[in-house]
Amino acid sequence: MSQNNGLNRRSFLRNTGLAALAGAVAPGSSLAAAAGAAMAPGDSTKFDFDTPYSRIGTDSVKWDGPIATGNTDKDHLVAGMGIADMDFRAAPAITQALQERMKHELWGYLTVPKSFNEGIVAWNKRRYGVDIDPALMDITTGVHPGLIASLRAFSPPGTKVLLTTPTYNGFYGDLRNTGTLAEESVMKVVNGRFTFDFDDFERRISRETNTFILCNPQNPTGNCWTPEELTRIGEICLRHRVIVLADEIHCDWVAKGQKYTPFASLPNKAIVNNSLTFKAASKSFGLAAMKCAWYYSTNKDLFMATKANNRADLTTVGMIASKAAYSGGEEWLNQCVDYVNGNHDLVQSFVKANIPLIKTYAKAEGTYLVWLDVSQVAEKIGAKDKAAAESKAGRTVTPEQIVERWFVKNAGVALNPGNTYGAGGANHMRMNIATSRKTLQAALTSLANALKSGNLNTAAL
Ligand SMILES: Cc1ncc(COP(=O)(O)O)c(C=O)c1O
């Protein structure tokens, strides 16, 4: 019980009224059902995001992953706040559609129903004013396979792919998969907000640069790029014949007062014609493991070249869930986005008031992610020296991995290490706040306690 400075997971949960969930909850158990009721009692229009829905014991990367490392256990883990999925029970429309389909106990090959494509087209038109030509839209088993298909089409092995960093670490896997190389343009921070360094971006384009992966809204910084920023970056790409691969998987997560601008909605049609867009319902509705995504373009040549490299498969559950999300999940999503917006406000105020060793940037404009500067924590716990000593002894360990482990062991909170997000990511951690407010509050309180000067455990990890 040396972990968590004496405050274990049970005591946090008790303090925040979560004691009933302190143990592992098997999916489908009555406890899981009771804890995660989708609707608040007596109110048919307000969805319940407040009641924590335990994922421990469900093979979830976010919660069971940190336990599997052996650095914590189910009694000490206060919150898994890593990989980008949500802790909320799915929208009732999704569960109902899946339950209905389960009644037919046969899972053979599937044609893509017209209504699936129509749902995607209608959603993008209604919410974002984008006209997608269904003939220039194709399904993929995820945004990654879609991006990989485009990279195979346009970026031969050994050529460069532009990234504006820090950026989603999964892109580096796509580059490895296609034998391409990252050309990183580190973003600038102006008044706490990230922005592109346009001159650096342009300077980095060479004859070997064929593609740029745009992340909009941006993971991990949360930026919703403005029409001006997108146009300027689009003009540079057009001028240098660099194709824009716009990953807009986080598009439905937009903070209050902010706006997501689809790259394909820019008024300059030449810029739009130089792009493909990759999307899914998975981030919006918590369907990540359903493996269902799609991409589109206004440019038939770019679309066909990508399609030629896309081995598309559609799973029955992925199709049913995504279709139901778009046709019946909008109110749930709107309320969820609103709820997460409140979580963002809480993180901003709590960290500023109670965790002086961690610095936030301007409130994220989109996504359910928070990008945190932990350089002072790294310094206090001697992360650099520890990482160097461990690396000397064998496997390469980064200072951010030391901070990650320290947070798990001392606060029971699992975050993602910033160095994996490319240049500019060192000394940072990414926090996923798509969780109940109680869990978020417990995690922040646990971090604050662990980082109090009297509590700060600088002993070897
Ligand atoms: C920006 C971004 N793109 C793509 C993905 C993964 O997409 P998929 O699971 O559809 O392959 C993620 C997941 O976190 C992401 O944040």
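None of the values given here were measured: they were computed from a predicted structure. (Residues numbered from 1 in each chain as written. Predicted model: local features only at pLDDT ≥ 70, side-chain atom pairs only at ≥ 80, totals over all residues. Heavy atoms only, no water.)

Asker: Teacher, can you tell me more about the pairing of strand 3 (residues 160-165) here?
Answerer: Most of strand 3 sits inside the fold, with 5 of its 6 residues counted as buried. Of the strand pairs in this sheet, strand 3 and strand 4 (residues 181-186) are connected by 6 bridges, and their pairing is parallel. Following the sheet pairing, Lys160 is matched in strand 4 by Leu181. Each parallel crossover has a hand, and the one from strand 3 via helix 7 (residues 170-178) to strand 4 is right-handed. Relative to strand 7 (residues 209-215), strand 3 is paired through 4 bridges, and the arrangement is parallel. If you follow Leu163 over to strand 7, its bridge partner there is Ile213. (Buried < 20%, exposed > 50% of the residue type's maximum accessible area, 1.4 Å probe, protein only. Helix = DSSP H or I, 4+ residues; strand = E, 2+ residues; numbered from the N terminus. Pairing = 2+ DSSP bridges. Right-handed = clockwise from strand over helix to strand, strands pointing away.)

Asker: Hey, could you run me through the nonpolar core in this one?
Answerer: Most often, soluble globular proteins have nonpolar side chains that are buried together. Counting residues in hydrophobic clusters, the biggest one holds 110 residues, and the most contacted among them are Phe285, Trp332 and Phe407. For this core, the leading source of residues is helix 14 (residues 330-354), giving 10 residues. Apart from residues lying up to four places away in sequence, Trp332 is in contact with Phe47, Phe49, Met86, Phe88, Arg89, Ala90, Ala91, Pro92, Ser284 and Phe285. By size, the runner-up hydrophobic cluster in this structure holds 22 residues, among which are Phe154, Leu175, Ile243 and Leu302. (Core = buried A, V, L, I, M, F, W, Y, C linked by side-chain atoms within 4.5 Å. Contact = heavy atoms within 4.5 Å.)

Asker: Even after reading the chapter, I still don't get empty space enclosed by the protein, so can you show me in this structure?
Answerer: Empty space among the atoms becomes apparent when a probe as large as a water molecule is rolled across them. Taken as a whole and assessed by the stated rule, the structure comprises 2 cavities of 30 Å³ or more. Of the voids in this model, the second largest cavity is the one considered here, and its volume is about 40 Å³. Of the residues contributing to the lining of the second largest cavity, the split by class is 5 nonpolar, 4 polar and no charged. (1 Å grid on protein atoms, 1.4 Å probe; cavity = no way out; pocket = protein on both sides within 12 Å on 5 of 7 lines; lining within 4 Å. Points joined across faces, edges and corners; volume = space filled by probe spheres on them. Nonpolar A, V, L, I, M, F, W, Y, C, P; charged D, E, K, R; others polar.)

Asker: Help me understand the site of the ligand in this model?
Answerer: Inspection of the region around the ligand gives Ala84, Gly142, Val143, His144, Tyr168, Cys215, Asn219, Asp247, Ile249, His250, Lys283 and Lys291 as its neighbouring residues. In this structure, His250 approaches the ligand through a side-chain N or O atom, which is 2.8 Å from an oxygen atom. One nitrogen or oxygen atom from the side chain of Lys291 is found 3.3 Å from an oxygen atom belonging to the ligand. In isolation the ligand offers 400 Å² of accessible surface; the protein chains occlude 93% of this area. Looking at the shell around the ligand, its residues break down into 5 nonpolar, 4 polar and 3 charged. (Near = heavy atom within 4 Å. Polar contact = N/O pair within 3.5 Å; in protein donor to acceptor, adjacent residues only side chain to side chain. Areas by Shrake-Rupley, 256 points an atom, 1.4 Å probe, with all protein chains shown as cover.)

Asker: Sorry if this is basic, but what is going on with the environment of Ala246 here?
Answerer: Tracing the backbone through its elements, the reader meets Ala246 in strand 8 (residues 243-247). The class for Ala246 is buried, based on a relative accessible area of 0%. In this structure the C-alpha to C-alpha distance between Ala246 and Thr164, which are 82 residues apart in sequence, comes to 12 Å. With residues up to four places along the chain from it excluded, the contact list for Ala246 reads Leu214, Phe263, Leu276, Thr277 and Phe278.

Asker: Just to check I follow, could you spell out the sheet that holds strand 14 (residues 416-417) for this structure?
Answerer: Remark on secondary structure: sheet strands pair via backbone hydrogen bonds, oriented parallel or antiparallel. Taken in spatial order, the 4 strands make up an open sheet running 11-12-15-14, and their pairing is antiparallel. The open sheet has two edge strands, strand 11 (359-360) and strand 14, and neither has a second partner. Two elements, strand 11 and strand 12 (residues 369-373), share 2 bridges in a ladder whose sense is antiparallel. Considered in strand 12, the bridge of Thr360 is made with Leu372. Along the sheet face, helix 17 (residues 399-411) touches strand 14 and strand 15 (428-432) and points at about 45° away from the line of strand 15. (Axes fitted to C-alpha atoms, helices over the stretch in contact; angles between N-to-C directions.)

Asker: Explain the pattern of salt bridges here, please?
Answerer: Two side chains with opposite charge may pair up if their charged atoms get near one another. For the structure shown, the criterion picks out 23 salt bridges. Among the ionic pairs, Arg127 bridges to Glu330, the shortest N-O distance being 2.9 Å. Here Arg127 is found in helix 5 (residues 114-128), whereas its partner Glu330 is found in helix 14, with 203 residues between them in sequence. Its relative accessible area of 22% is what places Glu330 among the partly exposed residues. Among the salt bridges present, the one from Glu208 reaches Lys160, with a minimum N-O distance of 4.0 Å. Of this pair, Glu208 sits in the loop between helix 8 (198-203) and strand 7 while Lys160 is found in strand 3, placing the two residues 48 residues apart along the sequence. Among the residues examined, Glu208 registers a relative accessible area of 40% and is labelled partly exposed. The class of Lys160 is partly exposed, set by a relative accessible area of 21%. Where salt bridges share partners, they join Lys160, Glu183, Asp200, Arg203, Arg204 and Glu208 into one cluster. (Salt bridge = Lys/Arg side-chain N within 4 Å of Asp/Glu carboxyl O.)

Asker: Which parts of the structure should I look at to understand the state of the cysteines?
Answerer: Where two cysteines share a covalent bond between their sulfur atoms, that bond is called a disulfide. Scanning the entire structure with this criterion turns up 0 disulfides. Free of any disulfide, Cys336 has its nearest neighbouring cysteine sulfur in Cys251, separated by 14 Å. Cys336 gets classed as buried once you look at its relative accessible area, which sits at 0%. (Disulfide = S-S within 2.5 Å.)

Asker: Explanation requested: the side chain of Ser60 in the structure shown.
Answerer: Inspection of the secondary structure assignment puts Ser60 in the loop between helix 2 (30-35) and helix 3 (61-68). Of note is the side chain of Ser60, whose polar atom sits 3.0 Å from the backbone nitrogen of Trp63. Residues within four places of Ser60 in sequence aside, it is in contact with Arg55 and Gly65.

Asker: Help me out: how do you make sense of the sheet that holds strand 9 (residues 275-279) in this one?
Answerer: The 7 strands lie next to each other as 2-10-9-8-7-3-4, forming an open sheet whose pairing is mixed. Of all strands in the sheet, those bounded by a partner on one side alone are strand 2 (137-140) and strand 4. Averaged over neighbouring strand pairs, the angle between their axes works out to 25° when direction is ignored. Bridging between strand 9 and strand 10 (residues 293-297) involves 4 bridges; their strand directions are antiparallel. In the strand pairing of strand 10, Leu276 is matched with Ser297. Relative to the sheet, helix 6 (residues 143-154) contacts strand 2, strand 3, strand 7, strand 8, strand 9 and strand 10, its axis offset from that of strand 9 by approximately 160°. Here helix 7 sits on the sheet and contacts strand 3, strand 4, strand 7 and strand 8; the angle it forms with strand 3, its principal contact strand, is near 175°.

Treat this as a map of the structure, not an account of what it does.
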